[in-house]
2 protein chains.
Amino acid sequence: MNAKTPKTAISPTRAENYSEWYQKIVRASDFAELSGVRGCQILKAWGYGVWEQMQRDLDRRFKETGHENYYFPIYIPLSYFQREAEHVDGFAKEMAIVTHHRLTKNAEGKLVPDGELEEPLVIRPTSETIIGEAMSKWIQSYRDLPLLLNQWANVSRWEMRPRILLRTAEFLWQEGHTAHETHDEAMAETKKMLDVYAEFVQDYMAVPVIKGEKIAAERFPGAVTTLCIEAMMQDGRALQAGTSHYLGHSFAKSCNIQFQSRTGTLEFAHTTSWGMSTRLLGALVMTHGDDNGMKVPPRLAPYQLVIVPILRDDSPKDEIMAYCEQLKADLLCETLDGNPLRVKLDGRDIPSTDKRWDWIKKGAPLVLEIGAKDIANHKVCFTRRDKMEDGKNFEDRATFIGNAGAILTDIQHALYNAALAFRTQRLVTNIKDWAAFESYFSKDADNSFTGGQGFVRAKWCGDDASLAKLEPLGVTVRCIPFDQDGQEGTCVLTGQPATQEVIFARAY
Amino acid sequence: MNAKTPKTAISPTRAENYSEWYQKIVRASDFAELSGVRGCQILKAWGYGVWEQMQRDLDRRFKETGHENYYFPIYIPLSYFQREAEHVDGFAKEMAIVTHHRLTKNAEGKLVPDGELEEPLVIRPTSETIIGEAMSKWIQSYRDLPLLLNQWANVSRWEMRPRILLRTAEFLWQEGHTAHETHDEAMAETKKMLDVYAEFVQDYMAVPVIKGEKIAAERFPGAVTTLCIEAMMQDGRALQAGTSHYLGHSFAKSCNIQFQSRTGTLEFAHTTSWGMSTRLLGALVMTHGDDNGMKVPPRLAPYQLVIVPILRDDSPKDEIMAYCEQLKADLLCETLDGNPLRVKLDGRDIPSTDKRWDWIKKGAPLVLEIGAKDIANHKVCFTRRDKMEDGKNFEDRATFIGNAGAILTDIQHALYNAALAFRTQRLVTNIKDWAAFESYFSKDADNSFTGGQGFVRAKWCGDDASLAKLEPLGVTVRCIPFDQDGQEGTCVLTGQPATQEVIFARAY
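Residues numbered from 1 in each chain as written. Chains lettered and ligands numbered in written order. Predicted model: local features only at pLDDT ≥ 70, side-chain atom pairs only at ≥ 80, totals over all residues.

Draft legend 1. Quick look at the overall build of chain A. Secondary structure assignment for chain A yields 13 helices and 27 strands. What you see for chain A is a C-alpha radius of gyration of 26 Å, in line with the 23 Å of a compact globule of 508 residues. Judged by the C-alpha coordinates and their principal axes, chain A covers about 80 × 65 × 60 Å. Across the 508 residues in chain A, those meeting the buried criterion constitute 49%. (Helix = DSSP H or I, 4+ residues; strand = E, 2+ residues; numbered from the N terminus. Rg over C-alpha atoms; globule rule 2.2 N^0.38 Å. Buried ≥ 20, exposed ≤ 12 C-beta atoms within 10 Å, placed from the backbone.)

Shown next, in the form of structure tokens:
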């Protein structure tokens, strides 16, 4: 980055090439980069910092709803997978498998795997099988229920076409696993955790979502019911932002999770699982990023305010730095949602224009620039990352400090509203037949930032065979939204009578 | 656990069989249990809760000293290890190796590994090689230094003789990795992080440590200098509680981490690494556990106070529960070190005696028992876990609430002082020759709780060959303590003149 400001900090722009823009912004925002290891990524300081904020808030919500954190082994014996046929079919093609436990030098002095394991171990793609095994030991009686646990962990899915943050061979996530006495309790848990996710994604990530249920073809392998939240990215594609599964007796039977009921009978427990991952960092980028870089919602920003001192050769450097230190100290006494503001004073020895652009690209919500003139005038110069078009704002020092929390709240809401407006614009509800449907999704071979494609909300008769018509378009049913009008209409795929509305879209 | 109080909650006791006591207390305290997967453990709610408190405090310390969190891939290509000969030699025998990326059904319908990888991947035993690879890309100029990063992660070392919490095939840890311009800066970082560790272990874990340097034979594979903190367990054995390594140019050369210096020359960076793991949960158990279970230091306890309502058949249940809820609310307004107290009201539907013993075994610092009589008398009945011999204490409600933080501080100090007194008693400094040394360590084939063995602090000449004499005793040199008297004396192994004192002990 040189001192000459480019027209846009990210090139190509979203309109020029959305997919390449995505690769560039992920890197430029210091969120992540691909590593030398095939399909794997490095989460960098700023991106990982956002993930830490996400973890903190989600973890609080999980604990408030009665869940406790555990940690289970990453290694799952192959035999555990053989017990649940649907589950293994769903994951078998993308599993990393450990077969040896040491390296030895061969005759040519080359290191080779040695010490073959009696039973190969699968690196967990998800932990239903291994946690089910433990639950079967821990649960004896209805008094041991509900068992409500969660784990923060890395998981592995061997992706053939990796895409940074969205599809990588390894990613970080949390997975909740619970066991209950009854179907109703387990379904209530499944719904409750979907609500927890939806609140978090909307209120903290500032990403509007549609809550709904997956159709059978899109369910988690082994689930009876999969609930999900779906978000729209800036190319109109859908991204599944979180899922919550009612697993019925599938894993209770394959793992033998049984308990003595209140009436003395032996019953299978009803289990659930639900998860959210670092994939959400990708959703954040594709919802709020623009051609100058990221915009991180204030509630998730590792630093909500960044102070850049303007130091010219003739500036009174010590005086400016001392002033900035004091400004930082004063801002640290202010709050957002009752928590102290997170403030960074960027003291690096590089030009202040470079620093400013660095934080614009990262998406710090407020970037302050403080030079000798601002100090003399008792002013704070600041840029709202969400309103770059307003340019630099000047405010009295004391007024700015007192308003800082309120400005951040305003940015949080503005980001949500902008994302909601975008989605509203590209959520189509007036497509009623196949001709219109096909024409809508055929406009381009692929979605784009400027293209008109997004979500189509329309009636579907529920006939699985009809889904074959969607394949050539690369479109899938994202979910059956919870809010339904209940009116009878016509299936957009078959022309048959249909009552239920679903969301159709291309998806990540 | 039945209502009849056993003589000791953990059987066997430490004196009866220390090693078996350890297995029992880890399980009884709900810290961890072995999983069905060979050599792997499950961290359970209470143990993982302690780890969360440890993480929180350590993470704060790392950030205060300028480090940022990243996340690097768990998969390390085999070729990365080939670059640093010493490093690979140190870890080759205990590596989990991924060789395939999917499962397929064979002719008999059995799942078998398929999709062989072109290059096997090692599950990280530590991340110097993969982080070094990234650093070589990120570091170009002295302006990019120092680079101070940390990661929280799982690592794998294939242990032939697993021991819960101490040696497992997978464990959780943090690993700091830094790069610097000069030797002096890197050494200062190595020492600083050792100090951070020592402060944490002493002030938070209430475990006294000896700070020192490892002798050459005990260094981390690839390190130039390894600093460590050593703690004494209740059988007199040493446990290495944290290490900080100055890596010199070892990894800078094998990973090619070079930078343009202030004078324009191309130089290799000086790197460091330092780590602490869930092994510390084992150290906590073996320092503070007794024959009734664990004692968790208040600063690390997931709940510092647990309220057990005493509900008999004729008790006014609603009134007692309401009173306990209010007591909890009032205690939540009190603080320890400026943080709100962590309070649990145990409302489970099991006998209150069972609840009391459950929390005694887990080691909650203060267990409160509240019945109708206590409410009538405005009293709080409480047990200090560190002073079970004092029995139950009764205190006026208001007084107790106001003092709760102070009592917890007192417990924190009492635990440290007890551990220090134990170590002082079993740290021997008057052994001056081989005969006395051999006799001291020969008393038993193994250490024990009642045995006299512990640490021997004595002069050693530094001759590596002399270490062979220690092997039959199973004793090693734990460290060269930083505090040295500098007096010339006689080497306890060879009888030669020696100035340097070292710590000899059996170790975990």
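Still more ground to cover, so stick around.
Draft legend 2. Focus on the interface of chain A and chain B. If you look at the interface, chain A gives 48 residues, while chain B gives 48 residues. Looking at side-chain class alone, the side of chain A that touches chain B contains 30 nonpolar, 8 polar and 10 charged residues. Pairing analysis gives 3 bridges linking strand E5 (residues 97–105) of chain A to strand E5 (residues 97–105) of chain B, with the strands arranged antiparallel. Following the sheet pairing, Ile97 of chain A is matched in E5 of chain B by His100 of chain B. (Contact = placed C-beta atoms within 7 Å. Nonpolar A, V, L, I, M, F, W, Y, C, P; charged D, E, K, R; others polar. Pairing = 2+ DSSP bridges.)

Draft legend 3. How the structure looks around the packing of helix H2 (residues 45–64) of chain B against helix H8 (residues 279–288) of chain B. All names here are of chain B. Two elements in contact, H2 and H8, have axes separated by 10 Å at closest approach and are oriented at 110°. With respect to each other, H2 and H8 are oriented roughly perpendicular. For the pair H2 and H8, the contacting residues are Gly47, Val50, Trp51 and Met54 in the first and Leu280, Leu281 and Leu284 in the second. (Axes fitted to C-alpha atoms, helices over the stretch in contact; angles between N-to-C directions. Parallel < 35°, antiparallel > 145°, perpendicular 65-115°, else oblique.)

Draft legend 4. How the structure looks around the relation of the copies chain A and chain B. It takes a turn of 180° to lay chain A on chain B, together with a shift of 0.0 Å along the axis; the resulting RMSD is 0.0 Å. Such a combination of turn and shift is consistent with a two-fold rotation axis. By C-alpha distance to the rotation axis, the residue of chain A lying nearest is Val98 of chain A, at 2.0 Å. In this assembly the copies share their binding face: 100% of the residues contributing to the interface of chain A also contribute to that of chain B. (Least-squares fit on C-alpha atoms with pLDDT ≥ 70 in both.)

Draft legend 5. The sheet that holds strand E14 (residues 270–277) of chain A, seen in detail. Residue and element names in this part refer to chain A. Strand order in the open sheet formed by 11 strands is E3-E7-E8-E14-E11-E10-E9-E24-E27-E23-E22, and the pairing between neighbours is mixed. Two strands lie at the open edges of the sheet, namely strand E3 (68–69) and strand E22 (427–428), each paired on one side alone. Of the strand pairs in this sheet, strand E8 (residues 170–180) and E14 are connected by 8 bridges, and their pairing is antiparallel. From the neighbouring strand, Gly176 faces E14, where its bridge partner is Trp274. Strand contacts of helix H2 (residues 45–64): strand E7 (147–156), E8 and E14, with the helix running at about 5° to E8, the strand carrying the most contacts.

Draft legend 6. Fine view of the confidence of the model for chain A. Residues of chain A with pLDDT of at least 70 account for 98%, and the chain-wide mean is 95. The complex prediction reports pTM at 0.96, with the ipTM value standing at 0.96. (pLDDT = per-residue confidence, 0-100.)

Draft legend 7. The sheet that holds strand E15 (residues 305–309) of chain A, seen in detail. Residues and elements named next belong to chain A. Taking strand neighbours across the sheet as the criterion, the 5 strands line up as E18-E15-E19-E20-E21 in an open arrangement whose pairing is mixed. Of all the strands in the sheet, the pair left with one neighbour each is strand E18 (343–345) and strand E21 (393–396). Direction aside, neighbouring strands of the sheet carry axes that sit 30° apart on average. One ladder, built from 4 bridges, connects strand E20 (residues 379–384) with E21; its direction is antiparallel. Across the sheet, Lys379 pairs through a bridge with Asp396, a residue of E21.

Draft legend 8. Just helix H6 (residues 183–203) of chain A, in detail. Residue and element names in this part refer to chain A. With 21 residues, H6 should reach 30 Å at 1.5 Å per residue; the first-to-last C-alpha distance of 30 Å fits that figure. Among the residues of H6, Ala186, Glu189, Thr190, Met193, Leu194, Val196, Tyr197, Ala198, Phe200 and Val201 are the ones counted as buried. Where the residues of H6 are buried, they touch H2, E8, strand E9 (210–213), strand E10 (225–232), strand E11 (238–248) and E14. (Expected span 1.5 Å × (residues − 1).)

Draft legend 9. View of the pairing of E11 of chain A. Residue and element names in this part refer to chain A. Among the 11 residues of E11, 9 are classified as buried, and the element is accordingly described as predominantly covered. With 8 bridges joining them, E10 and E11 adopt antiparallel strand pairing. Bridging across to E11, Ala231 finds its partner in Leu239. Count of turn residues in the E10/E11 antiparallel hairpin: 5 residues, of which Gly236 carries a positive phi of about 85°. Relative to E14, E11 runs antiparallel, the two sharing 5 bridges. Within E14, the position partnered with Tyr246 by the bridge is Thr272.

Draft legend 10. Focus on the pairing of E8 of chain A. Residue and element names in this part refer to chain A. Burial runs high along E8: 9 of the 11 residues are buried. Relative to E8, E7 runs antiparallel, the two sharing 10 bridges. Looking across to E8, one finds that Asn150 is bridged to Gly176.

Draft legend 11. Region of interest: unusual backbone geometry. A cis geometry characterises the amide bond from Leu145 of chain A onward to Pro146 of chain A, with omega recorded as -5°. Mapping Pro146 of chain A onto the fold places it in the loop between helix H5 (128–138) and E7. With an omega dihedral of 5°, the bond running from Ser11 of chain B to Pro12 of chain B counts as a cis peptide bond. Along the chain, Pro12 of chain B falls in the segment before helix H1 (18–28). The phi angle at Asp30 of chain A is positive, at roughly 60°, despite the residue not being glycine.

Draft legend 12. How the structure looks around the environment of Lys137 of chain B. On the secondary structure map, Lys137 of chain B appears in helix H5 (residues 128–138). Along the backbone, Lys137 of chain B and Val196 of chain B are 59 residues apart, and their C-alpha atoms lie at a distance of 29 Å.

Draft legend 13. Representation of the environment of Arg38 of chain B within the structure. Residue and element names in this part refer to chain B. Mapped onto the fold, Arg38 is located in the loop between strand E1 (32–34) and strand E2 (41–43). Residue Arg38 is classed as partly exposed on the basis of its C-beta count, with 18 C-beta atoms lying within 10 Å. In the structure, Arg38 is positioned 130 residues away from Thr168 in sequence and 9.0 Å away in space, judged by C-alpha atoms.

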